[in-house]
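Okay, here's what each chain looks like letter by letter:
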Amino acid sequence: MFFELVYDKSLAQASYVIGCQAGGVAAVIDPKRDVDTYLQIAKANNMKITHIFETHIHADFLSGARELAALTGAEMYLSDEGDENWKYEFPHNKIKGGDVVKLGNLNFEVIHTPGHTPESVSFLLTDKPASSEPVMLFTGDFVFVGDVGRPDLLEQAAGLKGTQDIGAAQMFDSLHDFAKLGDFIQVWPGHGAGSACGKALGAVPSTTVGYEKIRNWALQLLNDKTAFTKELLADQPEPPRYFAMMKKLNKVERKLVTEVPQIKNLSKADFDQVKASGAKVIDTRPWQDYAKGFLKGTLSITNNNSFSTWMGWYINYDESFYLVAEEAQIEDLTRKLMRIGLDNLAGYITPAQLEAYEAGNLASFEPIDKAAVEAARAKGNTQIVDVRGAAEFKKGHIEGAENHFVGKLDQNLGKIAKDKPVIIHCQSGARAAIAYSVLVANGFDNIQNYAGGWADYSA
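Residues numbered from 1 in each chain as written. Predicted model: local features only at pLDDT ≥ 70, side-chain atom pairs only at ≥ 80, totals over all residues. Heavy atoms only, no water.

**A look at the overall build of the chain**
Here is step 1: Check the secondary structure of the chain and you find 16 helices and 22 strands.
Here is step 2: For 459 residues, the compact-globule estimate of 2.2 N^0.38 gives 23 Å, and the C-alpha radius of gyration of the chain, at 24 Å, lies within 12% of that figure.
Here is step 3: Here the C-alpha coordinates of the chain stretch approximately 70 × 55 × 35 Å along the principal axes.
Here is step 4: The burial tally for the chain puts 57% of its 459 residues in the buried class.
Here is step 5: Taking the intrachain contacts of the chain between residues at least 6 apart in sequence as the baseline, contacts between residues at least 24 apart amount to 68%.
Here is step 6: Taken as a whole, the chain presents about 18,800 Å² of accessible surface, with 48% of it coming from carbon and sulfur.
Here is step 7: The centroid of the 46 positive side-chain charges in the chain is displaced by 2 Å from the centroid of its 58 negative side-chain charges. (Helix = DSSP H or I, 4+ residues; strand = E, 2+ residues; numbered from the N terminus. Rg over C-alpha atoms; globule rule 2.2 N^0.38 Å. Buried < 20%, exposed > 50% of the residue type's maximum accessible area, 1.4 Å probe, protein only. Contact = heavy atoms within 4.5 Å. Areas by Shrake-Rupley, 256 points an atom, 1.4 Å probe, with all protein chains shown as cover. Lys, Arg positive; Asp, Glu negative; His and termini not counted. Charge placed at Lys NZ, Arg CZ, Asp CG, Glu CD.)

Set out below in structure tokens:
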């Protein structure tokens with residue numbers, strides 16, 4: 001058996017290549033959209049990709065299953081569980097719990113594991129030449145290392161009321177079935193730490209059924225459904241705005257992008273037209289560089305592992321947008337955007353071009369420190385805005401601060417004062433920089449950024 005984990009740090013998303021070396025064939029589970037990675041793996045190991053599996057209709061990334069099928073001719077095997085709202089609307093092989101799909105000497109048994117979503121399935125792999133016992137379970141967003149998939153995304157992100165309680169009950173039952181599996185079975189989940197698909201995901205890439213029985217909080221509450229449901233739904237992170245669009249695009253026919261697009265570098269005349277059009281411009285530099293010189297109206301979203309998520313909060317799927325980024329980073333940024341279906345990146349300028357094109361027009365800001373925050377609190381008449389998530393705010397915050405989550409700040413501008421000083425902060429600076437740029441872009445000129453944030457204040 002051949003096995004390789006492909007891990008996308010930008011979305012904390014795991015996909016898998018599993019092959020039968022005797023037959024020279026391979027399957028990919030939950031592929032990301034820039035599928036050249038899998039083609040390279042298959043070529044390097046003299047295998048042909050013939051099977052593509054998905055564990056469920058994903059909310060956090062745009063699946064590359066159709067791109068991969070188009071390029072390889074591989075068959076897609078997708079869940080036929082759930083009601084009519086959870087059916088894929090394009091040609092595929094339908095699978096249900098109890099089905100077995102063969103790949104050379106390997107068997108993939110389909111297990112229906114609803115809870116995170118109604119149609120969710122897991123794949124139990126048996127490597128026939130090695131043993132008649134199963135060896136791996138690919139759980140998607142069902143069971144993570146130390147956590148389980150949240151059942152509230154459909155209600156919180158897609159607006160499907162009443163689904164979270166049903167999902168919690170299904171998750172409870174699915175976990176009872178999971179606990180009956182052999183302790184020795186390896187568990188390979190769809191996400192790791194940093195994903196918004198759960199609240200306590202571990203950073204280790206895999207686990208075992210037995211270890212999760214003694215370690216995973218959810219499996220300690222299987223004798224109390226009420227307590228389980230309450231804990232499962234409590235303090236989940238805010239689901240990014242783009243999740244609802246992913247649910248739609250992963251289910252219906254859509255445009256395929258089978259290679260990484262080439263992005264145009266803009267001349268000064270081009271960039272002047274972009275500004276005149278009012279199109280969004282995202283500055284991807286580290287926020288410290290942004291603070292030293294930025295163009296008002298641009299948003300500061302640093303190119304790091306959270307870039308895709310914040311772009312999904314602030315970019316609409318029907319609008320063109322532009323980047324400020326080093327040329328060497330454009331391919332990486334384009335891949336990150338592809339993975340959540342943001343295909344309308346229409347051009348970029350470099351930081352050097354920004355300085356040249358906008359000489360004399362750049363603004364700047366100097367972050368304030370804890371002493372300045374305390375002085376402002378003592379004087380009064382200052383609004384302190386904590387832009388962290390609600391669960392973080394609940395655990396501890398500056399006395400008197402208001403919580404307005406950065407991802408929804410553009411929807412709550414009326415709650416930010418314009419007639420007195422405003423101090424914004426997050427945990428340690430990154431989200432506050434996004435918030436600062438959003439507020440300045442919307443005409444606020446009374447904002448101070450406490451970059452040290454709660455980490456500094458609480459220390």
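**Digging into the pattern of salt bridges**
Here is step 1: Going through the model one piece at a time under the given rule, you end up with 28 salt bridges.
Here is step 2: With a closest N to O distance of 2.8 Å, Glu67 and Arg254 form a salt bridge. With Glu67 in helix 2 (residues 65-72) and Arg254 in the loop between helix 7 (243-249) and helix 8 (268-277), this residue pair connects regions lying 187 residues apart in the sequence. One exposure class covers both Glu67 and Arg254, and it is buried.
Here is step 3: Here Arg241 makes a salt bridge to Asp410, at a shortest N to O gap of 2.9 Å. A residue pair is termed long-range when its members are at least 10 positions apart, and Arg241 in the loop between helix 6 (225-233) and helix 7 and Asp410 in the loop between strand 20 (402-403) and strand 21 (422-425) qualify at 169 residues. (Salt bridge = Lys/Arg side-chain N within 4 Å of Asp/Glu carboxyl O.)

**Comments concerning the layout of surface pockets**
Here is step 1: The calculated volume of the largest pocket comes to roughly 880 Å³.
Here is step 2: Contributing to the lining of the largest pocket are 35 residues, with Gly194, Ser195, Ala196, Pro237 and Arg431 lying nearest its centre.
Here is step 3: Secondary-structure elements contributing two or more residues to the lining of the largest pocket are helix 10 (307-314) and helix 14 (390-395).
Here is step 4: Its residues placed into classes, the lining of the largest pocket shows 17 nonpolar, nine polar and nine charged. (1 Å grid on protein atoms, 1.4 Å probe; cavity = no way out; pocket = protein on both sides within 12 Å on 5 of 7 lines; lining within 4 Å. Points joined across faces, edges and corners; volume = space filled by probe spheres on them. Nonpolar A, V, L, I, M, F, W, Y, C, P; charged D, E, K, R; others polar.)

**Some remarks on the sheet that holds strand 18 (residues 345-349)**
Here is step 1: The sheet built from four strands is open, its strands ordered 16-15-17-18 with parallel pairing. In this open sheet, the two strands that pair with only one neighbour each are strand 16 (299-300) and strand 18.
Here is step 2: Bridging between strand 15 (residues 280-283) and strand 16 involves two bridges; their strand directions are parallel. Looking across to strand 16, one finds that Asp283 is bridged to Ser300. (Pairing = 2+ DSSP bridges.)

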